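Coordinate inspection notes
Residue-level listing of the chains:
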Amino acid sequence: MRYAPRKVYIKESSGYVELSYTDFCRRRQADQSYMDKLFIPVQGCLLEVVREQYTDFYRDKERWRYLKKLDTSHKLLSLEGFTDSEGKVLDFIVDEAVDVAETVVHTVMVDRLKAALPLLSGSEQTLINAIFFEELSEREVGLRLGVTQSVVNKRKAKILAKLRKIIENKI
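Quick look at the structure, then. (Residues numbered from 1 in each chain as written. Predicted model: local features only at pLDDT ≥ 70, side-chain atom pairs only at ≥ 80, totals over all residues. Heavy atoms only, no water.)

1. Things to note about the side chain of E138
Relative to the helices and strands, E138 resides in helix α5 (residues 138-145). Judged by relative accessible area, which is 13%, E138 ranks as buried. Setting aside its immediate chain neighbours within four residues, E138 contacts I131, Q149, V152, N153 and K156. (Helix = DSSP H or I, 4+ residues; strand = E, 2+ residues; numbered from the N terminus. Buried < 20%, exposed > 50% of the residue type's maximum accessible area, 1.4 Å probe, protein only. Contact = heavy atoms within 4.5 Å.)

2. Here we look at the packing of helix α4 (residues 122-133) against helix α6 (residues 149-169)
Relative orientation and spacing of two packed helices are given, respectively, by the angle between their axes and the distance between those axes. Running from amino to carboxyl end, α4 crosses α6 at an angle of 105°, the nearest separation of the two axes being 10 Å. In terms of axis orientation, α4 runs roughly perpendicular to α6. Each of E124, L127, I128, I131 and F132 in α4 lies in contact with α6, whose residues at this interface are V152, R155, K156, I159, L160 and K162. (Axes fitted to C-alpha atoms, helices over the stretch in contact; angles between N-to-C directions. Parallel < 35°, antiparallel > 145°, perpendicular 65-115°, else oblique.)

3. What about a nonpolar patch on the surface?
Together, V100, V104 and V108 give the surface a local cluster of nonpolar side chains, amounting to about 250 Å² of exposed area. Structurally, V108 can be placed in helix α3 (residues 100-116). (Patch = residues over 30% accessible without salt bridge, like charges linked within 9 Å, V, L, I, M, F, W, Y side chains within 5 Å. Areas by Shrake-Rupley, 256 points an atom, 1.4 Å probe, with all protein chains shown as cover. Salt bridge = Lys/Arg side-chain N within 4 Å of Asp/Glu carboxyl O.)

4. Brief notes about the sheet that holds strand β3 (residues 38-42)
With respect to topology, four strands assemble into an open sheet ordered β2-β1-β4-β3, the strand pairing being mixed. Looking at which strands have only one partner, the edges of the open sheet turn out to be β2 (15-20) and β3. Strand-to-strand, the axes of this sheet are offset by a mean angle of 30°, without reference to chain direction. Inspection of the sheet shows β3 paired to strand β4 (residues 45-49) by five bridges, in the antiparallel sense. Bridge assignment links L38 to a residue of β4, and that residue is V49. (Pairing = 2+ DSSP bridges.)

Written out as structure tokens, the structure is:
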């Protein structure tokens, strides 16, 4: 350790005994059996462990050191390190699938469509609402209105053409 630990925890028959580091050093000088004990650092303290725990701890520590060295040599960055003041991970990778211009055009067209819909007659609005907002099939709309699916399809085509003209005239 680069610094003296705050406390040292030693295994005894009933559990762990807490010692100051100076007491531990005195005991180690007085009793040679302390030289065979194995310790791992935990939150600024030393904790006595069995050989298997000691080996696992330092194996993992060495592995992380090796991986960090590889990351540095390959100039890898961890995205987990980029957080804002509140600790939230920053999303700075641009989503290339999103086209901003296309999104703006879509938003404008939706706004124009919303303004054009009230200009339709009541029956035209009912048909458009059933097909596009209630997501009913033309056949289901036909059954509801008491007409065939082909009639609904023709009315829909006429209404969409009418909406297209209204929208184009507002440009």
